Structures are given as C-alpha cells and as structure tokens.
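# Descriptive structure summary
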Amino acid sequence: MIQIIGLRSCNDTKKAIRYMKERRAEYQFVDLGERSLSKGEIANIFQHFQPEECVNVDSAYYRRKGLQYMDYDAAEELMEHNELFITPILRSRGRVALGYDQAFLEAES
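So, a few notes on the structure that sits alongside this text.

## Some words on the nonpolar core
Residues Leu 37, Ile 45, Phe 46, Cys 54, Phe 85 and Ile 89 are the most contacted members of the largest nonpolar core, which totals 21 residues. Residue assignment for this core shows that the elements contributing at least two residues are α2 (39–48), α4 (60–65), α5 (74–80) and β4 (95–98). Residue contacts for Leu 37: discarding those within four places in its chain leaves Ile 5, Leu 32, Ile 42, Ile 45, Asn 82, Phe 85 and Ile 89. The next biggest cluster of nonpolar side chains, apart from the first, holds 11 residues, and it includes Met 20, Ala 25, Phe 104 and Leu 105.

As structure tokens, then:
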C-alpha cells in the first residue's frame, strides 16, 4: 500500500490521489494540515533524501518567513514546520519519493 503525505490544497497531491483512485489501488492519505509527521517518519525520509532537498522553495511558508534570505538548518525547520516539505511524499515498502512521481506510483501500485 502506498502512503501519500501532503496537503489537500497541493495540486501534485491531488494528482497522486486521483492516479491511485483511477486505478482502484489501495493508498493511505495523510494530511499535513491536520497531522504533523513524527520524528521517526521524518528520519525515514532523511535516510533517502538530504534535508535541503526536501525543502519546497515555492511554498508560501518559505516566502513568508523569508528563508531564501537566511541561513537556516533545513532539518530543524522541516521538523518544526512540516508544510515546508515538497509534497506529496510517497512512501511504500521502505521506499520514498518526493513530489508527484508517476513511475514510483506505477511500480508500487
């Protein structure tokens, strides 16, 4: 089963959910607007990607906080503010993908 982690307002998250529904594949959706990621889930993501790769530089929070002009610890910011993650985060069988990745969805569904 694929776990789709993202925000309901994110177009790529909607696209991943729609892809799974069209194929009637099982998935679990975790809304970052309602529930934040645990330290273990974040550690699992960081095993596959560097924290700097996970930051969504196009997010409203990134621009609002002015992070493009600051030196900051990406891992710490991501743990405190999950809305900074590139969404959707796709997880299945120990594998992780950031953003909409159709090849990942095809292989795992």
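## What about the sheet that holds strand β3 (residues 89–92)?
Pairing in this open sheet of 4 strands is mixed, and the strands run β2-β1-β3-β4 from one edge to the other. Of all the strands in the sheet, just β2 (27–31) and β4 have a single pairing partner and so form its edges. Taken over all neighbouring pairs, the strand axes of this sheet differ in orientation by 20° on average, direction set aside. In this sheet, β2 lies alongside strand β1 (residues 2–6) in parallel orientation, the contact comprising 5 bridges. In the strand pairing of β2, Ile 2 is matched with Tyr 27. Helix α1 (residues 11–22) contacts β1, β2 and β3 of the sheet and is inclined by roughly 155° relative to β1. The sheet strands contacting α2 are β1, β3 and β4, and the helix crosses β4 at an angle near 80°.

## A word on the side chain of Asn 82
Note on placement: Asn 82 falls in the loop between α5 and β3. A distance of 2.8 Å separates a polar side-chain atom of Asn 82 from the backbone oxygen of Leu 78. With near-sequence residues (within four places) excluded, Asn 82 lies in contact with Leu 32, Ser 36, Leu 37 and Ile 42.

## Describing α1
Taking 1.5 Å per residue as the helical rise, α1 with its 12 residues ought to reach 16 Å, and the 16 Å between its terminal C-alpha atoms agrees with that figure. Listed in full, the buried residues belonging to α1 are Thr 13, Ala 16, Ile 17, Tyr 19 and Met 20. For α1, the angular spread of the buried residues around the axis is 155°, confining them to a single face. When the buried face of α1 is taken as reference, the exposed residues oriented beyond 90 degrees from it are Asn 11, Lys 21 and Glu 22. The elements touched by buried residues of α1 are β1, β2, β3 and α6 (102–108).

Procedures and definitions
Residues numbered from 1 in each chain as written. Predicted model: local features only at pLDDT ≥ 70, side-chain atom pairs only at ≥ 80, totals over all residues. Heavy atoms only, no water. Core = buried A, V, L, I, M, F, W, Y, C linked by side-chain atoms within 4.5 Å. Buried < 20%, exposed > 50% of the residue type's maximum accessible area, 1.4 Å probe, protein only. Helix = DSSP H or I, 4+ residues; strand = E, 2+ residues; numbered from the N terminus. Contact = heavy atoms within 4.5 Å. Pairing = 2+ DSSP bridges. Axes fitted to C-alpha atoms, helices over the stretch in contact; angles between N-to-C directions. Polar contact = N/O pair within 3.5 Å; in protein donor to acceptor, adjacent residues only side chain to side chain. Expected span 1.5 Å × (residues − 1). Arc of directions from axis to C-beta.

Bear in mind that shape data such as this cannot, by itself, settle questions of function.
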